[in-house]
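Next come the chains, spelled out residue by residue.
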Amino acid sequence: MARQLFVKEVVSFIVPVLNEEKNIKDTIDTIENNVPYEKLDYEIIIVDGGSIDRTVEIAKSFTEDNKKIKIYSCGGVKGFGHAYKIGVSMSQGDYIILIPGDNEVAGEAIQDILNEVGTADIIIPYFVNQNIRSLFRRCISRTFVWILNMISGVKLHYYNGTVLYRSKVLKGYNIRTSGFAYQAESLINLIKAGFTYKEVATKIQQRSSGKTKIFSFSNITSVMGFLISVYCQQISGKLFKKTNYFSKTNDFRKNGLSEISVPDEINYIAVFLTFNCNLKCGYCINNYEKGILKKGNISGEQWVRGLNRLKLRHNLPVTLQGGEPTLHKDFYYIIENLKPEIEIDILTNLQFDADKFISKVHPGRINRDSKFHSIRASYHPSMMDIDETIVKVSKLQEAGFNICLSSVAHPDSKAEIAEAVEKSKRAGITFFQKDLLGFYNGQLYGSYKYPEAVMCQTKKNVRCRTDELLIDPRGIIHRCTRDVYIDANPIGYLLDPDFKVEYKYRYCPNFGYCNPCDIKLKTNRFLQKGHTAVDIDFIE
Ligand code: SF4
Ligand code: SF4
């Protein structure tokens with residue numbers, strides 16, 4: 001969701017789910033019915049830990065109608081803390097609160113917590129009607145609290161509630177635990193670091209369906225491991241060192257992220273900074289998929305942190321594109337802060353202030369030793385004046401940038417493009433013509449390796465493999481351009497500590513409805529013709 005949609009302060013509800021088909025709807029309803037809309041707005045981020053029931057399908061039905069609800073699938077059970085960390089990094093709100101997808105948190109409790117928003121950095125609920133839980137669970141819970149209070153020196157009623165954090169406080173802390181004790185870890189460290197907190201007495205309700213997963217083997221071992229590690233650090237004197245939580249570090253390692261290797265087969269990295277654009281071209285491929293979702297962008301800091309994880313070989317740049325990438329509010333910050341080893345290409349429509357660009361970006365940061373121009377500017381005849389465009393490109397060339405022009409060879413713009421080619425040639429500017437893609441006036445344009453893939457007639461089951469890494473404006477990685485534009489089938493998240501880039505076939509039931517971009521025969525960035533982004537293995 002675009003951050004600018006909000007005018008009030010926003011609470012991000014992180015909702016981890018695992019096989020909650022009977023509870024997810026009620027959980028969403030409970031949240032939406034209890035936000036105090038007079039002072040707050042909300043977003044809901046559902047993080048699925050690998051449900052095998054209809055949880056994801058039901059959750060997706062909500063995201064279609066409500067841009068304030070997002071869903072991300074981790075693809076496998078990796079722990080409550082892991083899901084929480086992903087939700088936190090995807091969130092855009094001023095405050096963050098966890099609400100489990102089992103609908104155990106009563107609407108009254110949400111109100112009690114949200115009523116305290118702004119009164120402390122951390123609002124910590126504890127439940128006064130614990131007696132609705134089994135005696136066994138109450139005993140375990142009290143023992144856990146007692147041990148933690150004793151070894152940490154923090155005195156809380158409860159560590160595993162639906163804690164609300166000021167977003168910048170929580171995001172400045174690197175949660176290490178992926179298991180169930182993540183909340184205790186964050187609370188102890190942030191309280192010890194001096195952030196203010198307030199405990200709120202409230203009530204819990206009984207889940208309407210299913211059993212709690214708290215006492216799973218993995219949760220128990222994770223909690224035991226956490227308690228032992230707290231104890232060991234305590235006796236070795238290494239516990240709870242104060243940290244500068246607000247340091248704007250771009251070192252991904254300090255944020256609990258590791259380097260990501262990129263297989264040799266990957267030869268294009270598309271970074272869709274934003275889908276927003278300041279032009280409206282009729283043939284825009286971003287509009288090829290109807291109902292393209294524009295759910296907002298991650299911040300420049302998040303882009304830098306995520307992209308700096310990539311271990312890239314020489315001549316494999318990240319290509320900043322869109323929409324119009326310069327519209328990302330942190331566009332210049334991103335260029336300034338990407339690590340020097342990362343080479344940068346830009347696809348732009350040139351609708352930016354050239355003087356500002358020249359003053360902010362050193363040409364050496366963008367130029368690289370390649371046959372392909374690092375800045376590939378698109379000329380759109382119905383929207384742009386060719387003389388002004390050539391003046392701008394010449395200015396950037398004179399400033400030292402390696403820039404070319406290109407245009408879609410649209411049948412309605414033949415004369416304008418011929419004029420543009422001629423004028424560019426005279427000005428010493430390289431001009432490429434690109435195929436129009438998809439259907440226009442009932443005719444299919446473009447050259448395709450698998451023409452039936454774009455006919456939109458019948459669907460086939462195939463295995464599909466791409467040699468492109470496609471990262472959407474929220475940092476979510478998709479298996480093909482079609483999925484980027486319709487926001488489907490995520491295969492990873494740039495800020496997921498466990499994300500790996502894999503060059504492999506993935507099952508797809510949608511062959512026949514592919515986006516032309518994925519199937520077209522194109523000239524790759526080494527100027528080799530006949531390249532196609534995806535490789536299809538027909539299995540039927
Ligand atoms: S400039 Fe590019 S992204 Fe913008 S509307 Fe035109 S084709 Fe689409
Ligand atoms: S077959 Fe088409 S729709 Fe399916 S993953 Fe490949 S490119 Fe995408």
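Everything quoted here is computed from the prediction, not taken from an experiment.

1. Here we look at the site of ligand 2
Piece 1. In the region of ligand 2, the neighbouring residues are Val462, Cys464, Arg479, Cys480, Arg482, Cys508, Cys514, Asp518 and Ile536.
Piece 2. The cavity that encloses ligand 2 is the largest cavity.
Piece 3. Among the residues making up the shell around ligand 2, the classes are represented as six nonpolar, no polar and three charged.

2. Notes on the confidence of the model for the protein
Piece 1. Taken residue by residue, the protein gives an average pLDDT of 85. The fraction at 70 or more is 85%.
Piece 2. For the stretch residues 1-6, pLDDT sits under 50, and the model shows 20 contacts to residues farther than four places along the chain or on other chains.
Piece 3. Considering only residues more than four positions removed or in separate chains, one finds that residues 239-249, a stretch of pLDDT under 50, has 23 contacts.

3. Here we look at the packing of aromatic side chains
Piece 1. Evaluated as defined, the whole model comprises 18 aromatic pairs.
Piece 2. With a centroid separation of 5.6 Å and an interplanar angle of 70°, the aromatic rings of phenylalanine 127 and tyrosine 158 are classed as edge-to-face. You can see phenylalanine 127 sitting in strand β5 (residues 122-127) and its partner tyrosine 158 sitting in the loop between α5 (135-152) and β6 (164-166), a full 31 residues away along the chain. Pair check on accessibility: phenylalanine 127 and tyrosine 158 agree, each one buried.
Piece 3. An angle of 80° between the planes, with centres 6.1 Å apart, marks the rings of phenylalanine 272 and tyrosine 485 as edge-to-face. Taken as a pair, phenylalanine 272 in strand β9 (residues 268-272) and tyrosine 485 in helix α15 (residues 481-486) lie far apart in primary sequence, 213 residues in all.
Piece 4. Ring-pair connections join several aromatic residues into one group, and the members of that group are Phe331, Tyr332, Phe352, Phe357 and Phe401.
Piece 5. Its guanidinium or amino end placed over the ring of phenylalanine 372, arginine 376 lies 4.6 Å from that ring's centre, counting from NZ or CZ.
Piece 6. Of note, lysine 392 hangs over the ring of phenylalanine 352, and the distance from its end group to the ring centre comes to 5.6 Å.

4. Concerning the sheet that holds strand β23 (residues 534-538)
Piece 1. Reading across the sheet, the three strands line up as β22-β18-β23 and stay open at both edges, with antiparallel pairing between neighbours. Each having just a single partner strand, β22 (506-511) and β23 make up the two edges of the open sheet. With strand direction ignored, the average angle separating the axes of adjacent strands in the sheet is 45°.
Piece 2. Note that strand β18 (residues 460-466) and β23 share five bridges and pair antiparallel. What sits directly across from arginine 465, in β23, is aspartate 535.

5. What about the pairing of strand β14 (residues 403-409)?
Piece 1. Burial analysis of β14 places six of its seven residues in the buried class, the great majority of the element.
Piece 2. On the question of chirality, the crossover connecting strand β13 (residues 375-378) to the parallel β14 by way of helix α13 (residues 386-398) is right-handed.
Piece 3. Note that β14 and strand β15 (residues 431-435) share five bridges and pair parallel. Pairing of alanine 409 across the sheet is with aspartate 435, part of β15.

6. Some details on empty space enclosed by the protein
Piece 1. Going through the model one piece at a time under the given rule, you end up with three cavities of 30 Å³ or more.
Piece 2. As a volume, the largest cavity reaches approximately 110 Å³.
Piece 3. Lining the largest cavity are 14 residues, and of these Cys464, Cys480, Cys508, Cys514 and Ile536 lie nearest its centre.
Piece 4. Within the residue set of the lining of the largest cavity, elements represented by two or more residues are β18, β22, α16 (516-519) and β23.
Piece 5. For the lining of the largest cavity, the element with the highest residue contribution is β22, accounting for three residues.
Piece 6. In terms of residue class, the lining of the largest cavity is made up of nine nonpolar, two polar and three charged.

7. Digging into the packing of helix α1 (residues 24-34) against helix α4 (residues 107-114)
Piece 1. Between α1 and α4, whose axes approach to 9 Å, the crossing angle comes to 40°. Taken together, the axes of α1 and α4 are oblique relative to one another. Two packed elements cross with a definite hand, and for α1 against α4 that hand is right-handed. Side by side, α1 and α4 meet where Thr30, Ile31 and Asn34 of the first sit next to Gly107, Glu108, Ile110, Gln111 and Leu114 of the second.
Piece 2. Grouping the constituent residues of the contact of α1 with α4 by class yields three nonpolar, four polar and one charged.

8. Section: the pairing of strand β11 (residues 318-321)
Piece 1. Side chains of β11 alternate between two faces, with Val318 and Leu320 and Thr319 and Gln321 buried alike.
Piece 2. Across four bridges, the pairing between β9 and β11 is parallel. Each residue of the ladder has a partner; that of alanine 270, found in β11, is threonine 319.
Piece 3. Direction of pairing for β11 relative to strand β12 (residues 344-348): parallel, over a ladder of three bridges. Bridging across to β12, leucine 320 finds its partner in isoleucine 346.
Piece 4. Of the crossover connections in this fold, the one passing from β11 over helix α10 (residues 331-337) to the parallel β12 is right-handed.

9. What about the environment of valine 454?
Piece 1. By the secondary structure assignment, valine 454 is in the loop between β17 (443-445) and β18.
Piece 2. Overall, valine 454 belongs to the buried group, its relative accessible area being 0%.
Piece 3. Along the sequence, valine 454 and lysine 520 sit 66 residues apart, while their C-alpha atoms lie 9.5 Å from each other.

10. Side note on the side chain of threonine 202
Piece 1. Within the fold, threonine 202 resides in strand β7 (residues 197-202).
Piece 2. Apart from residues no more than four positions distant in its own chain, threonine 202 is found in contact with Glu108, Ala109, Asp112, Pro125, Tyr126, Phe127, Val128 and Asn129.

11. Here's the deal with the sheet that holds β15
Piece 1. Spatially, the nine strands line up as an open sheet ordered β15-β14-β13-β12-β11-β9-β19-β20-β21, and their pairing is mixed. The two strands at the open ends of the sheet, each matched to only one other strand, are β15 and β21 (490-493). Put simply, the sheet's adjacent strands are angled 25° from each other on average, direction ignored.

12. Things to note about the side chain of arginine 465
Piece 1. Within the secondary structure layout, arginine 465 lies in strand β18.
Piece 2. Side chain to side chain, arginine 465 and tyrosine 505 meet in a polar contact 3.4 Å long.
Piece 3. Beyond its immediate sequence surroundings of up to four residues, arginine 465 is in contact with Tyr503, Lys504, Tyr505, Ala533, Val534 and Asp535.

13. Remarks on the pattern of salt bridges
Pairing between side chains becomes possible if they bear opposite charge and their charged atoms approach one another.
Piece 1. Taken as a whole and judged by the stated rule, the model has 20 salt bridges.
Piece 2. Bridged by salt links that share partners, the residues Asp387, Glu419 and Lys423 form one connected network.

14. Quick look at the nonpolar core
Piece 1. Of all hydrophobic cores here, the largest spans 94 residues; its most connected members are Tyr84, Tyr159, Ile269, Val318 and Phe357.
Piece 2. Per element, the largest residue contribution to this core is six residues, and it comes from helix α7 (residues 182-192).
Piece 3. Inspection of this core shows a minimum of three residues originating in each of domain 1 (3-235) and domain 2 (263-441 + 466-504).
Piece 4. Contact partners of phenylalanine 357, with chain neighbours within four places excluded, come to Phe331, Tyr332, Ile346, Phe352, Ile375, Leu396 and Phe401.
Piece 5. Among the nonpolar cores identified, the runner-up in size contains 31 residues, and Val15, Ile24, Ala59 and Phe62 belong to it.

The rules we used
- Residues numbered from 1 in each chain as written.
- Chains lettered and ligands numbered in written order.
- Predicted model: local features only at pLDDT ≥ 70, side-chain atom pairs only at ≥ 80, totals over all residues.
- Heavy atoms only, no water.
- Near = heavy atom within 4 Å.
- 1 Å grid on protein atoms, 1.4 Å probe; cavity = no way out; pocket = protein on both sides within 12 Å on 5 of 7 lines; lining within 4 Å.
- Sits in = over half its atoms within 2 Å of the grid points.
- Nonpolar A, V, L, I, M, F, W, Y, C, P; charged D, E, K, R; others polar.
- pLDDT = per-residue confidence, 0-100.
- Contact = heavy atoms within 4.5 Å.
- Phe/Tyr/Trp six-rings, centres within 6.5 Å; stacked < 30°, edge-to-face > 60°.
- Helix = DSSP H or I, 4+ residues; strand = E, 2+ residues; numbered from the N terminus.
- Buried < 20%, exposed > 50% of the residue type's maximum accessible area, 1.4 Å probe, protein only.
- Lys NZ or Arg CZ within 6 Å of the ring centre and 35° of its normal.
- Pairing = 2+ DSSP bridges.
- Axes fitted to C-alpha atoms, helices over the stretch in contact; angles between N-to-C directions.
- Right-handed = clockwise from strand over helix to strand, strands pointing away.
- Points joined across faces, edges and corners; volume = space filled by probe spheres on them.
- Parallel < 35°, antiparallel > 145°, perpendicular 65-115°, else oblique.
- Left-handed = near helix turned anticlockwise from the far one by under 90°.
- Polar contact = N/O pair within 3.5 Å; in protein donor to acceptor, adjacent residues only side chain to side chain.
- Salt bridge = Lys/Arg side-chain N within 4 Å of Asp/Glu carboxyl O.
- Core = buried A, V, L, I, M, F, W, Y, C linked by side-chain atoms within 4.5 Å.
- Domains from an automatic or database assignment.

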